[in-house]
Structures are given as structure tokens and as C-alpha cells.
Amino acid sequence: MKRLLTAVAIVASGCFTPVYVAQPFTPAPPPAPEDVAAVVFLVGDAGDTPMERSPLVHRLREDVEEWSASLRTDSAVSVLFLGDNVYPVGMRDRSHDGFEPDSARLYAQVFAVSGPEARQYRTLGVFIPGNHDWGNTHGANGARRLLNQEEALDAHRAAGAPVRMLPTSGLAGPAVLDLPGQLRVLSFDTEWWLQSDEHNAQEQALNDIERAIAGADGRTILFAAHHPFMTAGPHSGLTTAFDPIWVLRRAGVNVQDVNSGPYKALLNGLSSVFERTEAPLIYAAGHDHSLQLLAGAGPSDPRWTLVSGGASKSTPVAATDELEWASVEPGYMRVVILKDGGVMLYAESAPAQYLSCTNPDPAPCIEAGAAAFGTSYSRRLR
Amino acid sequence: MGLLLCPAPTKAQAASATAGAALGAAGGAWLSAAWITAEARRGHYLHRPSDAGFRLALVPAGATVGALLGYRTSDRLWAGVGAGALGAAAGAGTGAVLGLLFDDEPEGVWAGIIIGSAAGLLIGSMIGASRWDSPVPPGATFAFTLPAFR
């Protein structure tokens, strides 16, 4: 009887979750550039932000230029593209008809980090693989799509744009980036994990993460990947609106959802590493198409999970216990590392109408949309 | 040269066949979902919706069976639907409890519901559609005849 009641409770609680409603907050003051050691932009799921339709890439470029010029320090500004850099199926072969639009989608992001100030101060544009960059499939075809993207980024870098794929295509990572402000970024390919069925290779990846955290020597850890540690979006398996496959998602059938077996194995592996060493201050990811700030609950959780996946798509967010704030507006996040060790978060977003400019003459819309971006949320993370 | 002549369906037959096709498609979709869920429990997950592939063939198959049943004998169709619904409900309950026994995560319960209800739906609808108007021999409490032998 007890088991039956438990089963009924699970079903009742899983049928519908209320949608998140924004709460008032006290904004954090904007930092003075002289107090800032480093700025990291978090831009996720930007794979459908072509320059001729997306105000976001234009505004991002303005922000990157402004901060690069203000800090005037090599690599003090970096932009982490948090996966799904090329929708819908990654970068197809040069001989394929889809190669040209795929290249345009990737170039829009390269454009955002290759302005004159960004080039002068060696601003980093780091592209982390997501499931769509793996062709939204699995096997050799997906690996080929990822390699194509890496080769395209290498070509842009050879032409002077400060961009690269990290970790290198086909490797799990973590790639380690030590940045100004005592910041260590670990870039990890979580889609590699979800596709891998080699237990030893997964164990090796976890050991490498453990070593990178243990050897951080007091630096602030920012773990960056495509798949979030926690989320209140559709990939959590929660349902806020009609979803034709919601019951399948509740059963953990979709490997891209937090409640699937491989995803849970990844999170369990990371949790055990964080518990043995030190949980990152920030776990930054995309995957769900929204902006979310979630608080960790225990010592094995990252202190903060930032979901910044709202660059080119928008999906709803459910009200969960961990969720501190969320927005479904198009946008990105900015993490500011202060010289005194403080860490600030600023979420930049614009009204939903500026997700994509589809008018016959999009130029006025792009201009208005880029100007409409503003700080929709801010707070001190440490 | 041969010519196949079929009488035009009556309005009632057409309506019954249409309802059968819709209900059969829905049942087939549920069986597909159960198939996909069972495979995921064995480690073969969906990476994208199109990975469902040939498992979705149960949708048109269900629609065809439902339409044929509705066209020929609507009584059988509705008997199958009724018994299938009962079977699905019983299977869902059983599956939920079994899911909780084998996996204490919520996903286990949901998988149990999907697979159990699909099994109940399949068995119930087959019995219901087959058993309709079957003569029960004296002394027996249950009897059904497969449609192929009628």
C-alpha cells in the first residue's frame, strides 16, 4: 500500500509544474572598470543567430569591445560559447548544400569576438561543443560534424580572430584556462560523455577534472559545459506546458534530459569529484533556452549553476526550489571577477520580440534590438 | 483480367472505420512509446526524436487494424476499445508498483506505467475484440475465438 501511494505521489507531482514567475530583486551596482580583473561572457545555444537577423550578436560585440578597451589587459575578457554553436545539425561537410548556412551561423559568433579592441587585447572566444554540434546524433557522423566546426574555427583563428574549440574535438577535456583575476576555467565536453560507452575513458575524464580542481592553487573555479548541472527548463524533465512526449521525458528516455541514465551518471561522477576536492563556484552551461541562476544545495553541488542558453531560442522555466532567478528573454550573462576577489553576475537581455528580426528590412529592428539590451538581473555571487 | 468488386461502405461503417483508425493510431503510438521506453531502460536512449524510427511503424499499423475492425464489425471495435482501456488502467497500476520495486527513482515508476499500460492495452484490446459474441461453452466462464478462425 505504501509503495502504491508513493507511486501515486510521483505521478501526481510529475504531471505539471508551475511556471516560474519573476520576483523583485535588489540590483547590484555596476562595477568600475578599475576594480575589475576579468570579465567572462557566457553565451549559450547561439547556433541560430545569423548577423542579418540577430540583434544579440551585435550587442554582444559592442559589450566585448567596450570591456576589452576598458580593461586593456591581455585575455582579461573572454567569451564562452556554451555549445550548440551551429543549429540544427552541426557543421556539415564543405560539399554539402548546408555548409554555407552553417558557416554563416558560426561566423556570427566569431564576429562578436573579433572587433579591433578584442583582437588587440587577445580576447578569447572559446567554443564548447554541444549536442547539436555533434550533429544532434551519435556515432562517427557526429564526430565528423564536430571536427568540421573545429576546422572552421581554426581557419578563423589563422585569419586573426581569437577563437578556438575547447576541448579539442573528440576529447572530453577538461581544457584548463587560467585567466586574470585568479580564475581557472575548466571546459568540458558533456556531449562526449553522453555518447561514450567506455567506462574507463569516463573515469579518466573524471580523474582529469579532479586533478585540474585540486591543482587550482586557490583560483576561483568556473566549470563550463553545454549540459547544466541542474536546470528548471524542459531538459529537467519537468512540464510547464503541453509537450507531446512529456510522459517519455518523465521516464528518462531522452538522453539529453537530466533524468536519463547517462546524464545522471555524469552528474553523479561530477558530484563525487566535487565532494572529494572542491565544488566550483560557478558551473556555467546552456542547453535549456533561457537564463537561469540556480543555487547549489550541498557540498557536492557547484555553489551556483548558471544556465545561459537563451541566445537564439526560448523555452519555459518551471518554479523549482533551487531556482533563484530566470528569464526567457533572449540574452546572455556576464561574470565579473573583481580585484578584491568578489564575483558578480549580470544578466543582459532584451524583449522577446528581438530574438530574431524577420522583417523584410531587418536593419532597423537589429539596431533597435541591440539598443534594447539591458541588465535584467544582477547579484554578487561571492 | 479480374475485377475486384466491393460494396460501398455505409455511413455507419465509414464512421466506425474512421473512429477505429484514430483509436488504433493512438493505441499504436502508446505501444511505440512503450517500446522506446523499454529500450531506454536497457541502455538505448533517444538522442533525438527521429531516433524513434521504425518503432513508430506501430502507429499506422494500429490505425490499419482499427480501421479494418471498425469497417467490418463496430461491435468488435468498441469491445476491444473498452477492454483495452480497462487493461491499460490495470497495467498502469501494476507497472507503477513494479517500477517502484525495481527502481526507486521516479523514472522507474513512469517507465512502469508506460510499459505496463501498453501491455494491458494490447492484451485487453485483443481479448475484447476477439471475445465479442463468442459463445461460451457450458461450464466455462471464459472463451474467445481468434478472428482468423471465425
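Figured I'd write up the structure that's included with this text. The structure displayed is predicted, hence computed values, not measured ones.

Definitions and limits used
Residues numbered from 1 in each chain as written. Chains lettered and ligands numbered in written order. Predicted model: local features only at pLDDT ≥ 70, side-chain atom pairs only at ≥ 80, totals over all residues. Heavy atoms only, no water. Helix = DSSP H or I, 4+ residues; strand = E, 2+ residues; numbered from the N terminus. Buried < 20%, exposed > 50% of the residue type's maximum accessible area, 1.4 Å probe, protein only. Contact = heavy atoms within 4.5 Å. Areas by Shrake-Rupley, 256 points an atom, 1.4 Å probe, with all protein chains shown as cover. Disulfide = S-S within 2.5 Å. Buried area = accessible area lost by both parts, 1.4 Å probe. Salt bridge = Lys/Arg side-chain N within 4 Å of Asp/Glu carboxyl O. Polar contact = N/O pair within 3.5 Å; in protein donor to acceptor, adjacent residues only side chain to side chain. Nonpolar A, V, L, I, M, F, W, Y, C, P; charged D, E, K, R; others polar. Axes fitted to C-alpha atoms, helices over the stretch in contact; angles between N-to-C directions. Parallel < 35°, antiparallel > 145°, perpendicular 65-115°, else oblique. Left-handed = near helix turned anticlockwise from the far one by under 90°. Pairing = 2+ DSSP bridges. Core = buried A, V, L, I, M, F, W, Y, C linked by side-chain atoms within 4.5 Å. Patch = residues over 30% accessible without salt bridge, like charges linked within 9 Å, V, L, I, M, F, W, Y side chains within 5 Å.

## Looking at the overall build of chain B
So, point 1. Broken down by element type, chain B carries 4 helices and 0 strands.
So, point 2. When its helices and strands are written in sequence order, chain B yields α-α-α-α.
So, point 3. Buried positions account for 36% of the 150 residues belonging to chain B.
So, point 4. For chain B, contacts bridging at least 24 residues in sequence account for 66% of all contacts bridging at least 6.
So, point 5. For chain B, the exposed area adds up to about 8700 Å²; of that, 72% sits on carbon and sulfur atoms.

## Some remarks on the state of the cysteines
Residue and element names in this part refer to chain A.
So, point 1. Applying the stated rule across the entire model yields 1 disulfide over all chains.
So, point 2. Two residues, Cys-357 and Cys-365, share a disulfide whose sulfurs are 2.0 Å apart. Taking the sign of the S-S torsion, about -75 degrees here, the bridge from Cys-357 to Cys-365 comes out left-handed.

## Focus on the interface of chain A and chain B
So, point 1. Opposite the 30 residues of chain A that make contact, chain B presents 23 residues.
So, point 2. For the pair chain A and chain B, the summed buried area comes to about 2200 Å², and 72% of that belongs to carbon and sulfur atoms.
So, point 3. Between chain A and chain B we count 2 salt bridges in total.
So, point 4. At the boundary of chain A with chain B, the tally comes to 5 residue pairs in polar contact (both at pLDDT 80 or more).
So, point 5. Those elements that place two or more of their residues in the side of chain A that touches chain B are helix H1 (2-14), helix H6 (190-195), helix H8 (246-250) and helix H9 (261-276) of chain A.
So, point 6. By residue number, the principal contributor to the side of chain A that touches chain B is H1 of chain A, which donates 7 residues.
So, point 7. When the residues that make up the side of chain A that touches chain B are grouped by side-chain class, the tally is 13 nonpolar, 13 polar and 4 charged.

## Structural notes on the packing of helix H1 (residues 11-41) of chain B against helix H3 (residues 74-102) of chain B
Residues and elements named next belong to chain B.
So, point 1. With their axes 10 Å apart at the nearest point, H1 and H3 run at an angle of 30 degrees to one another. As far as their axial angle goes, H3 and H1 are roughly parallel. For the element pair H1 and H3, the recorded crossing hand is left-handed. Side by side, H1 and H3 meet where Ser-16, Ala-19, Gly-20 and Leu-23 of the first sit next to Ser-74, Leu-77, Trp-78 and Val-81 of the second.

## Overview of the sheet that holds strand S7 (residues 220-224) of chain A
Residues and elements named next belong to chain A.
So, point 1. Ordered in space as S5-S6-S7-S8-S10-S9-S11, the 7 strands form an open sheet in which the pairing is mixed. Both outer strands of the open sheet, strand S5 (175-179) and strand S11 (323-327), are each paired with one neighbouring strand and no more. Looking at each pair of strands side by side, their axes are set apart by 15 degrees on average, direction ignored.
So, point 2. Inspection of the sheet shows S7 paired to strand S8 (residues 282-285) by 3 bridges, in the parallel sense.

## Here's the deal with the environment of Arg-250 of chain A
So, point 1. Relative to the helices and strands, Arg-250 of chain A resides in helix H8.
So, point 2. Considered as a pair, Arg-250 of chain A and Ser-260 of chain A are 10 residues apart in the sequence and their alpha carbons are 9.1 Å apart.

## Considering the nonpolar core
So, point 1. Ranked by internal contacts, the top residues of the largest apolar core, which has 110 residues, are Phe-41 and Val-43 of chain A.
So, point 2. It is strand S1 (residues 36-43) of chain A that contributes the most residues to this core, 7 residues altogether.
So, point 3. Beyond its immediate chain neighbours, meaning those up to four positions away, Val-43 of chain A contacts Leu-56, Leu-60, Val-79, Leu-80, Phe-81, Leu-82, Ser-308, Ala-311 and Tyr-332 of chain A.
So, point 4. One finds Ala-33, Ala-34, Ala-40 and Ile-114 of chain B within the second-largest nonpolar core, a separate group that totals 14 residues.

## Re the pattern of salt bridges
All names here are of chain A.
So, point 1. Going through the model one piece at a time under the given rule, you end up with 18 salt bridges over all chains.
So, point 2. Close ionic contact of Asp-48 with Arg-105 constitutes a salt bridge, the shortest N to O distance being 3.8 Å. Of the two residues, Asp-48 is situated in the loop between S1 and helix H2 (55-71) and Arg-105 in helix H3 (residues 99-112); the sequence distance between them amounts to 57 residues.
So, point 3. Assessed through its relative accessible area of 24%, Asp-48 is described here as partly exposed.
So, point 4. Because the salt bridges share partners, they merge into one network encompassing Asp-48, Arg-53, Arg-92, Asp-102 and Arg-105.

## Notes on the packing of helix H7 (residues 199-214) of chain A against H9 of chain A
How two helices sit against one another is set out by the angle between their axes and by the gap between those axes.
All names here are of chain A.
So, point 1. Their axes nearest at 10 Å, the elements H7 and H9 cross at an angle of 30 degrees. One way to sum up the angle between H7 and H9 is to call them roughly parallel. Both H7 and H9 take part in a crossing whose hand is right-handed. Each of Leu-206, Ile-209, Glu-210 and Ile-213 in H7 lies in contact with H9, whose residues at this interface are Gly-269, Leu-270, Val-273, Phe-274 and Arg-276.

## Details of the side chain of His-235 of chain A
So, point 1. Relative to the helices and strands, His-235 of chain A resides in the loop between S7 and H8.
So, point 2. For His-235 of chain A, a relative accessible area of 14% translates into the label buried.

## Re a nonpolar patch on the surface
So, point 1. Residues Leu-122, Ile-123, Met-126 and Ile-127 of chain B make up a contiguous nonpolar surface patch of roughly 350 Å² in combined accessible area.
So, point 2. Tracing the backbone shows Ile-127 of chain B in helix H4 (residues 106-131).

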